[in-house]
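What the coordinates show
One-letter residues, chain by chain:
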Amino acid sequence: MKIFFIIICSLSLHTLAKDFHIYLDADLSNNVESGESIRNGMQMAIDHYFKNKKENEFTVTIKSLDHRGNTRRSLKNFKLALDDPKMIAVFGGLHSPPLITNKGFINDNQIPTLVTWAAGGPITRTTKKKNWIFRLSVDDSQAGRLISQTAVNEGCQKPHLVLENTPWGKSNENNMRRSLQDLNIKNYEISLFDWAVSKSSASDIANKIKTVKSSCIFFVGNAKDASVIFKSLGESNISIPIYSHWGITSSDSIEMANLIKENNLNVKLIQTNFSFIQKNLNQFQKDILESILKRHSLSSPSKIQPMTGWVHGFDLMTILLNTIEQLEHDKEIKILRSDLRNKLENLNKPIKGLVKEYRRPFSGDNSKNAHEALNINDYVMRSYKSDGSLH
Amino acid sequence: MKTDKSIRSEYKKFITTTFGVILLILFTSISIIISYQVSDQKRRELNSILETKANAINLKLTNIISTLNDHASRPNIINSVMQFNKSNKSTRNYFEEVSILGFKGTFSILSFDEEYLFGSNTYNSDIFKKIMDKDLPFSIELISSEGAFRFMTPIIYQNQVEGVLIFATLIKPSQIFLSTNSSWYDFSIYQDKTNLKTEDSKKLETNNKLEKPITNGITLTLNFNNSFYQNRIIKLLITIFSIIAIVILILSYFFYSKGIAKLVDPYEKNIKIQNELYNSLNLNETILNSITHLIIATDNEGTIITFNKAAERELGYSSDFVVNKHSPALWHDPNEVVQKAKELSSYYQTNIEPGFDVFVYEAEYIKPMSVSEWTFKRKDNSTFDGKLIATALRDQNNQTIGYLGVIENITLIKQAKEDLIRSNQMKSEFLANMSHEIRTPMNGVLGMVELLERTPLNEEQKDHLQTMKSSGEHLLTIINDILDISKIDAGKLELESMHFNLTRSITETIELMKGKAKEKNLELKFLSHIKPESLWIKSDQTRLKQILLNLLSNAIKFTNKGSVTVTIENLDLEGDHLKVTLIVTDTGIGLSSDNIKNLFEKFTQADKSITRVYGGTGLGLSITHSLVKMLNGEIKVESKEGEGTSFIIDFNFLKGDPHDEYESIIIHQEEDGFASRYNLQILLVEDNLINQKFAIKALEKLGYDPDIASNGKEAVEKVKASNYDLIFMDLQMPIMDGITATKEITKLKLKQSPTIVAMTANAFKDDKDKSLEAGMSAFLTKPVSIKKIKDTIVTIKKRSA
């Protein structure tokens, strides 16, 4: 009888604990490394958070959805997530275009969306009353500036903007233009390319670069397209510095590192200011690193790739969990989501993350960077090492 | 037995049937093959046409898809599907400018969840799903029978189908099929229930079709008119049949003619030969058994193998008894055989054993058809004489395989022969006797008449004597004629051969008849344009003169007024021969055609009444005819009653040499001083007193003084006693005849053997021969004339000189 009672009790306890679904809508096909790294980061955060908890007031399950880079699929995924009464939030992935295009839907349907990677400016900015999209990542409106600044600082006077022909590419274009304007660079070229850029298009761009004699390249695109274009540059013996957005880290970093090396390219790319490789790790960071290495049987920090996904996924999930913790779970999910959104905008307690300790990462004051957890001070320009690690 | 015709027609039938069957089989099999071939060809042809067209259409359609794919795989299109920005018109604008392989149409892009990015083409949901699921690489649909097509192709990003590009356009049948320009087939395509046909102004009558799937469930149909092929088949069959028929015809003719030559003809020949053989054998059998001669054939050893009916009858043994069982020894006398063996052995100087060899030795080694006579013993032990003709039977290699004996029962013949000989002998004897008997007195009479003639006579006595002479001569003529006839009949008339001049003989003969002609006031002429020198011949002058004499005599006899002309003409010299024609023409009473017919028969005269008027024995012309024949001539008669008669003789003489004639000398010999010129001691041997007397007188006239002997014996005595130069020996004498006497005299072997001349009334060749054989040098027939004696003496003297 006692046992029965205990079981019943434990069961009720279980039923008492709210189970939340956290969706990850990412490209798990073509840029699968990015998606997986985000998921791993998210999971690490969950494990770490619940490790020290005696009682679980709530449980969370990650639900991965593959949008394959297709904006419309992303929409479909969001719809799916929306239909799930347990869905508390949706994590966004690498690609900006889906988030930019579907922003309206997300906000209209009150889906708390946490963006770990996509850097497109418009994502976290809305004209609507309530902004449901939160980002812990590079923000293009500030990224462009860094790229431009770095390039100009390093002597580039005639940049060539090689951008993907998507909202992301376009947003970057706008930002870079403004930055360059501010930096008094008027002589620059722009070449747009489509996703799954063809070799011929790539060589056209290369030729154009050669013809106009650009002195450096600003690159905005993902790894797949980057490899095609970089190869073309290599074939055309274009060795001018490339200042790239971090899209090129979307897939195998070793491959990218090799590609860059093979083509004699000088590539610097944006990263957030934390890397498991950096020497001066604090205890917290060390602990997490150890857990990761142990959990995933990795031999060294440089194997944690792509690091962006890991780090941002971890940090953003940590924030989310700490936020959920503060909610009253007995509410209907829609209300819970709304509560969550509100709470996110009003996080008073500092939350320890990998990149930094987050104090009031988001706000609700409709400012430009209200929903940006990181800013330009958190960005750096790094280069690949042969082992794929970024330094 | 099959007749020629039936074998031929049967063979013809056979050839016809055989080749007809061959033709049929060939044609049938070739027709079948052709039909299959043509069907096959047709099938292939049609399939080829179909396949070509299907491939062409397929190519066209897949090219459209391919071009469409090119667009679908353009990065901007893919991008637009991935970004799915409806407000972005760039994609729609892009497709506004696009034509696929020249085809303009409408485009749409669908998202994975069937949301139009742009465009509004209707589409098949199932097909869309299949494309999305990668079950279909693309789709081509025939929407309407006007040629509306819809093409759908996936838009792929990173090997995943992210959307579908739709292209709808109108393709006219002519654009898809292009024209076929054919009179017997056209095309159409269909998909499910939608059909697209070629637009052809002329309606083709097609009754057949072939199908081939192109792609995406679109099927190409080839509609064709089967009769095109059927016509082709029929044409082909007709051609082939014609060719085969011609070939078969030629072959059959060839085989027919070859067959006729190589099979039928020899077969017919064989049948013919068989028939002939059968007939021949049959004939042989019949001959063998109907012949009266005994036919006995044996093998090499003498065993009888053939024994005909005549043999059975004659010898009394049956064929079964004899054949293969006995030899001819059965009916021969062993002694006879032994004797013959000896004779043959002796004659041929070789040892011939008494046995079968005796019969066949000559046939085997000496000559075929050797004849021998034997005594044959019948079964009943009676005998008959038989003539055996034995021949060796030889095969193709000339090897003796047996012997054939033909035996004739000559018993009767022998008898008859003997009788005949005896009868002939009797006849000859009779004739000889008769002639002797008649001639002897005649000799006497005529001799006396001659002697009387040389004595002084008064006119009356001369007249009577003349009558006596002519009567006597007439009688002598008759006797001579009879003798001649009998000689001719007996074949004992012998011709002499001497060289003489024909012209002269004729003139001499005419001379003899001049008197008679003058008596009847008839002209007796001799016409000849041939030079007498050209007419030297070698023949029997006496007989020739006799012929002419007879003809002249008749001519004069039967002519009352006018003339009798002798003509010789048509001289033809040919090598040794001298051909000439002798004509005796008269202007006498002539002969009727009936008379001419039997003219040369014995004892005929033109008319019994003539005999009475003209006399004659009726033997003259018969003798003349026979004599002409014997002198190598031909006699014919032409006559017209009341006008005259011509006897025309064509002679073929041997050329004569004038230097061989002697007559001329003799004729003109004088009687006086004869003996002194030809000094001879003569002995006359004659038993008949009258003849004796005449002969003495004749000789005395010539100046001789002969001695006399009355018979042969006396003659021999006298010869022993004295030397004589010449003896005239009578043959038929008592005590010792002339022949014997001559022999005796010859036996004496005198230093100077006298010349003995036979003198007799017997005028037969036998006698002549016997005389000469006995040793007589010459032969005189009685009655002898002084002239004859003279001539003989001269001849003998000349001979001895």
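Residues numbered from 1 in each chain as written. Chains lettered and ligands numbered in written order. Predicted model: local features only at pLDDT ≥ 70, side-chain atom pairs only at ≥ 80, totals over all residues. Heavy atoms only, no water.

**What to know about the pattern of salt bridges**
If the charged atoms of two oppositely charged side chains come close together, the side chains can form a pair. Residues and elements named next belong to chain A. What counts, and what does not: Just to be clear on terms, a salt bridge is a Lys or Arg side-chain nitrogen sitting within 4 Å of an Asp or Glu carboxyl oxygen. Each helix is a run of DSSP H or I of at least 4 residues and each strand a run of E of at least 2, with the numbering of both proceeding from the N terminus. For every residue, the accessible area (1.4 Å probe, protein chains only) is compared with the maximum for its type, and the residue is labelled buried under 20%, exposed over 50%, or partly exposed between those bounds.
Throughout the structure, instances matching the rule amount to 35 salt bridges over all chains. Residue Asp-182 pairs with Arg-145 through a salt bridge whose shortest N-O separation is 3.2 Å. Here the residue Asp-182 occupies a position in helix α6 (residues 167-182), and Arg-145 occupies one in helix α5 (residues 140-153), the gap between them amounting to 37 residues. Residue class for Asp-182 comes out exposed when judged on its relative accessible area of 52%. The partner of Asp-339 in a salt bridge is Lys-331, with the nearest N and O atoms 3.0 Å apart. Taking relative accessible area as the criterion, Asp-339 reaches 19% and is therefore assigned buried.

**So, the state of the cysteines**
All names here are of chain A. Applicable threshold: Here, the term disulfide refers to a pair of cysteine sulfur atoms separated by no more than 2.5 Å.
By the definition in use, this model includes one disulfide over all chains. Each sulfur of the disulfide joining Cys-156 and Cys-216 lies 1.8 Å from the other. Across the S-S bond linking Cys-156 and Cys-216, the dihedral sits near -80°, which makes this disulfide left-handed. Taken together, the positions of Cys-156 in the loop between α5 and β6 (159-164) and Cys-216 in strand β8 (residues 216-220) put the pair 60 residues apart, joining distant regions of the chain. Taken as a pair, Cys-156 and Cys-216 share a single burial class, namely buried.

**Considering unusual backbone geometry**
Keep in mind that most residues, glycine aside, have a negative phi and that most peptide bonds are trans. A:Pro306 follows A:Gln305 through a cis peptide bond whose omega is -20°. For A:Pro306, the location among the structural elements is in the loop between α10 (283-295) and α11 (307-325). We note that B:Lys134 has phi near 65°; this positive angle belongs to a residue other than glycine. Mapping B:Lys134 onto the fold places it in the loop between α4 (125-132) and β3 (139-142). The phi angle at B:Met369 is positive, at roughly 55°, despite the residue not being glycine. Along the chain, the position of B:Met369 falls in the loop between α10 (356-366) and β12 (370-377).

**Observations regarding the packing of helix α14 (residues 541-557) of chain B against helix α17 (residues 620-630) of chain B**
All names here are of chain B. Selection rule: An axis is simply a line fitted to the C-alpha atoms; with a helix, the fit covers only the stretch in contact. Between two such axes, the angle follows the N-to-C directions and lies from 0 to 180 degrees. Each helix crossing is assigned a hand: it is left-handed if the near helix lies turned anticlockwise from the far helix by less than a right angle, otherwise right-handed if that turn is clockwise. Only heavy atoms matter for contacts: two residues are in contact if any of them lie within 4.5 Å across the pair. Charged residues are taken to be Asp, Glu, Lys and Arg, nonpolar residues to be Ala, Val, Leu, Ile, Met, Phe, Trp, Tyr, Cys and Pro, and polar residues to be all remaining types, Gly included.
Between α14 and α17, the shortest axis-to-axis distance is 10 Å and the interhelical angle comes to 145°. At the point where α14 passes α17, the crossing takes the left-handed sense. Across from Arg-543, Gln-546, Ile-547, Asn-550, Leu-551 and Asn-554 in α14, the residues of α17 making contact are Gly-620, Leu-621, Ile-623, Thr-624, Leu-627 and Val-628. Grouping the amino acids of the contact of α14 with α17 by side-chain chemistry returns six nonpolar, five polar and one charged.

**Looking at a nonpolar patch on the surface**
Which entries qualify depends on this criterion: For patches, a residue must show more than 30% relative accessible area and have no salt bridge; joins then use 9 Å for like charges and 5 Å for nonpolar side chains, namely Val, Leu, Ile, Met, Phe, Trp and Tyr. Computed by Shrake-Rupley with a 1.4 Å probe, the accessible areas treat only the displayed protein chains as cover when residues are assessed.
There is a patch of nonpolar side chains on the surface, built from B:Ile243, B:Val247, B:Leu251, B:Phe254 and B:Phe255 and spanning about 440 Å² of accessible area. Counting through the fold element by element, B:Leu251 comes out in helix α6 (residues 226-290).

**Observations regarding the side chain of B:Asn711**
Residues and elements named next belong to chain B. Formally: Here a polar contact is recorded for every N or O atom pair within 3.5 Å, except that within protein the pair must consist of a potential hydrogen donor and a potential acceptor, and residues adjacent in sequence are included only if both atoms are side-chain atoms.
Here Asn-711 lies in the loop between β23 (707-709) and α21 (712-721). For Asn-711, the side chain forms a polar contact with the main-chain nitrogen of Lys-713, separated by 2.9 Å. Among the polar contacts listed, one links the side chain of Asn-711 to the backbone nitrogen of Glu-714, at a separation of 2.9 Å. Not counting chain neighbours up to four residues away, the residues in contact with Asn-711 comprise Val-685, Met-733, Pro-734, Ile-735 and Met-736.

**What to know about the pairing of strand β7 (residues 189-193) of chain A**
Residues and elements named next belong to chain A. Threshold: Think of it this way: DSSP has to see at least two bridges between two strands before they count as a pair. Crossovers are marked right-handed if the path from the first strand over the helix to the second runs clockwise, as seen with the strands pointing away from the viewer.
One ladder, built from five bridges, connects β6 with β7; its direction is parallel. Within β7, the position partnered with Val-162 by the bridge is Ser-191. Between the parallel pair β6 and β7, the chain is carried across by α6, and the sense of this crossover is right-handed.

**Focus on the interface of chain B and chain A**
Defined as follows: Buried area: the accessible area, evaluated with a 1.4 Å probe, that two parts lose upon being put together, summed over both parts.
Listed by partner, the interface residues are 17 residues for chain B and 19 residues for chain A. Overall, the association of chain B and chain A removes approximately 1,700 Å² of surface from exposure, summing both partners, and the carbon and sulfur fraction of that is 48%. When the area that chain B buries against chain A is broken down by residue, the three leading residues are B:Gln83, B:Phe112 and B:Tyr157, summing to 35%. Where chain B packs against chain A, one counts four salt bridges. Among the salt bridges present, the one from A:Arg72 reaches B:Asp113, with a minimum N-O distance of 2.8 Å. The interface formed by chain B and chain A holds 14 residue pairs in polar contact (both at pLDDT 80 or more) in total. Looking at the side of chain B that touches chain A, the elements that each hand over two or more residues are α2 (75-83) and β5 (160-170) of chain B.

**Considerations on the nonpolar core**
Side chains of nonpolar character tend, in soluble globular proteins, to be buried together. Short version of the rule: In this description, a nonpolar core means a group of buried Ala, Val, Leu, Ile, Met, Phe, Trp, Tyr and Cys residues linked to one another through side-chain atoms lying within 4.5 Å. Boundaries of every domain are those given by an automatic assignment or by a domain database.
Among the nonpolar cores identified, the biggest contains 104 residues, and A:Phe219, A:Phe230, A:Leu233, A:Phe276 and A:Met317 are the most heavily contacted of them. Counting residues per element, this core draws most heavily on α11(A), at 10 residues. Two domains each provide a minimum of three residues to this core, namely domain 1 (2-138 + 286-375) and domain 2 (141-244) of chain A. Excluding its chain neighbours within four sequence positions, the residues that come into contact with A:Leu233 are A:Ala206, A:Ile209, A:Ile217, A:Ile238, A:Ile242 and A:Leu265. Ranked by size, the runner-up nonpolar core spans 64 residues in total, among them B:Ile64, B:Ile65, B:Tyr94 and B:Tyr185.

**Here's the deal with the sheet that holds strand β25 (residues 755-760) of chain B**
The strands that make up a sheet are held in pairs by hydrogen bonds between backbone atoms, and each pair lies either parallel or antiparallel. Residue and element names in this part refer to chain B. Overall, parallel pairing links the five strands, which are arranged β23-β22-β24-β25-β26 in an open sheet. Each edge of the open sheet carries a strand with a single partner, namely β23 and β26 (778-781). Averaged over all adjacent pairs, the angle separating strand axes in this sheet is 20°, with direction ignored. On top of the sheet, helix α20 (residues 689-701) reaches β22 (682-685), β23 and β24 (726-730); it is set at about 160° to β22, its chief contact.

**Points about the environment of A:Ala226**
Residues and elements named next belong to chain A. Examined against the element boundaries, Ala-226 turns out to sit in helix α8 (residues 223-235). For Ala-226, a relative accessible area of 0% corresponds to the buried category. Between the C-alpha atoms of Ala-226 and Glu-164, which are 62 residues apart in sequence, the distance is 9.6 Å.

**A few points about α8(A)**
Note the cut-off: Each residue after the first adds 1.5 Å to the expected span of a helix.
Its 13 residues give α8(A) an end-to-end C-alpha distance of 18 Å, which sits within 8% of 18 Å, the value for a rise of 1.5 Å per residue. Three or more residues of α8(A) are buried, namely A:Ala223, A:Asp225, A:Ala226, A:Ile229, A:Phe230, A:Ser232, A:Leu233 and A:Gly234.

**Let's talk about the packing of aromatic side chains**
All names here are of chain B. Selection criterion: Each Phe, Tyr or Trp ring (for Trp, its six-membered ring) is paired with any other whose centre lies within 6.5 Å, and the angle between the two planes then decides the class: stacked below 30 degrees, edge-to-face above 60, tilted in between.
Going through the model one piece at a time under the given rule, you end up with 36 aromatic pairs over all chains. A centroid spacing of 6.1 Å and a plane angle of 45° characterise the contact between Tyr-317 and Trp-331, whose relative ring orientation is tilted. Highlighted residues: Tyr-317 in the loop between α7 (309-315) and α8 (319-322) and Trp-331 in the loop between α8 and α9 (334-348), separated in sequence by 14 residues. With a relative accessible area of 1%, Trp-331 lands in the buried category. A ring pair is formed by Tyr-347 and Tyr-348, whose centres lie 4.9 Å apart and whose planes are at 85°; its orientation type is edge-to-face. Among the aromatic residues, those joined into a ring-pair cluster are Tyr-94, Phe-95, Phe-107, Phe-118, Phe-149, Phe-151 and Phe-167.

**Side note on the confidence of the model for chain B**
Residue and element names in this part refer to chain B. Cut-off, in case you're wondering: For every residue, the predictor assigns a confidence score, pLDDT, that lies between 0 and 100.
Here chain B averages 84 in pLDDT, while 93% of its residues score no lower than 70. Across chain B, α4 holds the top mean pLDDT of 94, while helix α18 (residues 663-667) sits lowest at 46. Predicted confidence is poor over residues 663-670, with pLDDT under 50, and the contacts of this stretch with residues over four places away or in other chains come to 13 contacts. The complex prediction reports pTM at 0.51, with the ipTM value standing at 0.79.

**Describing the packing of α9(B) against α10(B)**
All names here are of chain B. So the rule is basically this: Here is the rule for angles: anything less than 35 degrees is roughly parallel, anything more than 145 is roughly antiparallel, 65 through 115 is roughly perpendicular, and the remaining ranges are oblique.
Packing of α9 against α10 brings their axes to within 9 Å, and their N-to-C directions diverge by 30°. If you check the angle between α9 and α10, you find them roughly parallel. In this structure, α9 uses Val-337, Lys-340, Ala-341, Leu-344 and Tyr-348 to contact α10, whose residues at the interface are Val-358, Phe-359, Tyr-361, Glu-362 and Ile-366. Within the contact of α9 with α10, the residues separate by chemical class into eight nonpolar, no polar and two charged.

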